[in-house]
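Fold and contact review
What follows is the residue order along each chain.
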Amino acid sequence: MEEVDPAFIQPHEHQPKLGIIEAEGIPFIDLSPLLGSDTDVPDHLVAEIGDACKTWGFFQVINHGVPSHVRERIESASREFFALSKEEKRKASRNETNLFGYSDFEITKSVRDWKEIFDCTIQNPTVIYASDEPDDKELKELTNQWPQEICEEYAAEMQKLTHKLLELIALSLGLEKDRFHGLFKDETSFMRLNYYPPCPAPQLALGLGRHKDAGAMTILAQDDVGGLEVKRKSDGEWIFVKPMQDAYIVNVGDLIQVWSNDKYQSVEHRVTVNSQKERFSIPFFINPSHYVWVEPLQELIDQQNPPKYKGYSWGKFYATRKLSNFRKLTSENIQVHHFKL
């Protein structure tokens, strides 16, 4: 890692404030009832998921069924990759042609995100629109630049967990258990390896600025260093999510917000850094097929609860967001609130 003079770091746009609350507020949900052969889902588990999604937009799951050795393998591979020289890592850099691969933080007049990343697609290849032009129907395939075996092993376990969680969320909304399944037949999901190096002036930077996730749901594995903070819906305070061994942190994204017609809402979160320790995390971003049309589900709207969003193409939305990484935008990137009625 290249050393940076602390004097060169300017305050981040969303500079962390002192007095962050460390609380046990983020709910823990035990998924062990789903590990047996019985296919019936306990009512209390559905209620817990629904309450967590409505109150927090975040929860942590334990006894989730993901084997420890699978998670350890991908975490070990992540550490090995980021320990390589910059020259080696940049051989697998992502670009406008291949949107998956390596990217390091940029230091200009201010620090944007103090981290390095490596993106891997889940469905290899992944089919997306070639451009974000509304009338352009041309498709292209994206492939990985990394040892596929390790990605596939971890992705397979994440997909099993995703399947369970989407069913629980559907039931909590009063929908059929398999309501969301067809939307992910040709998913555009991807996983990201995050590396947050020690920062010489952590009070002036963030590993990742405040944001909401644009997809359906995110499942995060974080190490024991911690850094994730969630904005509590009730009062706007930033809550530090204390790491718990083997747990996964789950948050609903903008798509769940639209599909549920605002019953469940995505929540702002951010990542802090520190001067002493490096941090690793692995978010798994769950996204539907490129051809999915996103709008409030018909089962959840009526005269008393009319749709709050106009429909939009996930594929075009996704292409716009991805391609914006390589453009110098002069305006805000596309957000779900742009489709609010």
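First, a word on scope: everything that follows refers to the structure included in this document. (Residues numbered from 1 in each chain as written. Predicted model: local features only at pLDDT ≥ 70, side-chain atom pairs only at ≥ 80, totals over all residues. Heavy atoms only, no water.)

1. Observations regarding the overall build of the protein
Formally: Every helix listed is a DSSP run of H or I at least four residues long, and every strand listed is a run of E at least two residues long, numbered separately from the N terminus. When accessible area is computed with a 1.4 Å probe and restricted to protein chains, residues below 20% of their type maximum are described as buried, those above 50% as exposed, and intermediate ones as partly exposed. Contact criterion: two residues are considered in contact whenever any of their non-hydrogen atoms come within 4.5 Å of each other. Accessibility throughout is a Shrake-Rupley quantity obtained with a 1.4 Å probe, and a residue counts as covered only by protein chains that appear here.
Scanning the protein for helices and strands turns up six helices and 17 strands. Evaluated residue by residue, the protein yields a buried proportion of 53% over its 341 residues. Partitioning the contacts of the protein with sequence separation of at least 6, the portion at a separation of at least 24 is 79%. When the accessible surface of the protein is totalled, it reaches about 16100 Å², and 48% of it is carbon and sulfur.

2. Some thoughts on the packing of aromatic side chains
Put simply, the rule is: Only rings of Phe, Tyr and Trp enter the pairing, Trp through its six-membered ring, and a pair is recorded when the two centres are within 6.5 Å. The plane angle decides the type: under 30 degrees is stacked, over 60 is edge-to-face, the rest tilted.
Enumeration over the complete set of coordinates arrives at 15 aromatic pairs. Measuring from centroid to centroid gives 5.4 Å for Phe81 and Phe82, while their planes differ by 75 degrees, and the two rings are edge-to-face. Given a relative accessible area of 8%, Phe81 falls into the buried group. Plain terms: the ring middles of Trp314 and Tyr318 are 5.6 Å apart, the flat faces sit at 40 degrees to each other, and that makes the pair tilted. Linking Trp314 with Tyr318, this pair stays in helix H6 (residues 314–323), spanning four residues, or about one helical turn. Residue classification places Tyr318 among the buried residues on the basis of a relative accessible area of 5%.

3. Regarding the packing of helix H2 (residues 68–82) against helix H4 (residues 148–172)
The cut-off we apply is this: Angles shown run from 0 to 180 degrees and are taken between the N-to-C directions of axes, each axis being a line fitted to C-alpha atoms and, for helices, limited to the stretch in contact. Should an angle fall under 35 degrees it is taken as roughly parallel, and over 145 as roughly antiparallel, whereas 65 to 115 is taken as roughly perpendicular and any remaining angle as oblique. Definitions for this section: a left-handed crossing has its near helix turned counterclockwise from the far helix by less than a right angle. A right-handed crossing has that turn clockwise.
Packing of H2 against H4 leaves a shortest axis separation of 9 Å and a crossing angle of 140 degrees. For the element pair H2 / H4, the angle class is oblique. H2 and H4 meet at a crossing whose hand is left-handed. Of the residues in H4, those in contact with Val70, Arg71, Arg73, Ile74 and Ala77 of H2 are Glu149, Ile150, Glu153, Tyr154 and Glu157.

4. Examining the pairing of strand S8 (residues 190–196)
Going by this rule: Any two strands with at least two DSSP bridges between them are considered paired.
Of all seven residues in S8, seven are buried; the element is thus mostly enclosed. Judged by which residues are buried, S8 turns out to be covered on both faces: Phe190, Arg192, Asn194 and Tyr196 on one side and Met191, Leu193 and Tyr195 on the other are all buried. Summarising the sheet, strand S5 (residues 116–121) and S8 pair through six bridges and their orientation is antiparallel. From the neighbouring strand, Phe118 faces S8, where its bridge partner is Leu193. Where S8 meets strand S15 (residues 279–286), five bridges bridge the pair, whose relative direction is antiparallel. What sits directly across from Asn194, in S15, is Ser281.

5. A word on empty space enclosed by the protein
What counts is decided by this rule: With a 1 Å grid laid over protein atoms only, a set of points is called a cavity when a 1.4 Å probe fits there but cannot get out and a pocket when it is open yet has protein on both sides within 12 Å along at least five of seven lines; lining residues have an atom within 4 Å of a point. Grid points are joined across faces, edges and corners, and a volume is the space filled by probe spheres set on the points.
Under the counting rule described, the total for this entry stands at one cavity of 30 Å³ or more. Residue lining of the largest cavity: Gln60, Leu220, Ala221, Gln222, Lys242, Pro243, Met244, Ala247, Tyr248 and Ile249, and that is the complete set. Secondary-structure elements contributing two or more residues to the lining of the largest cavity are strand S10 (217–222) and strand S13 (248–252). Looking at the lining of the largest cavity, the element that brings in the most residues is S10, giving three residues.

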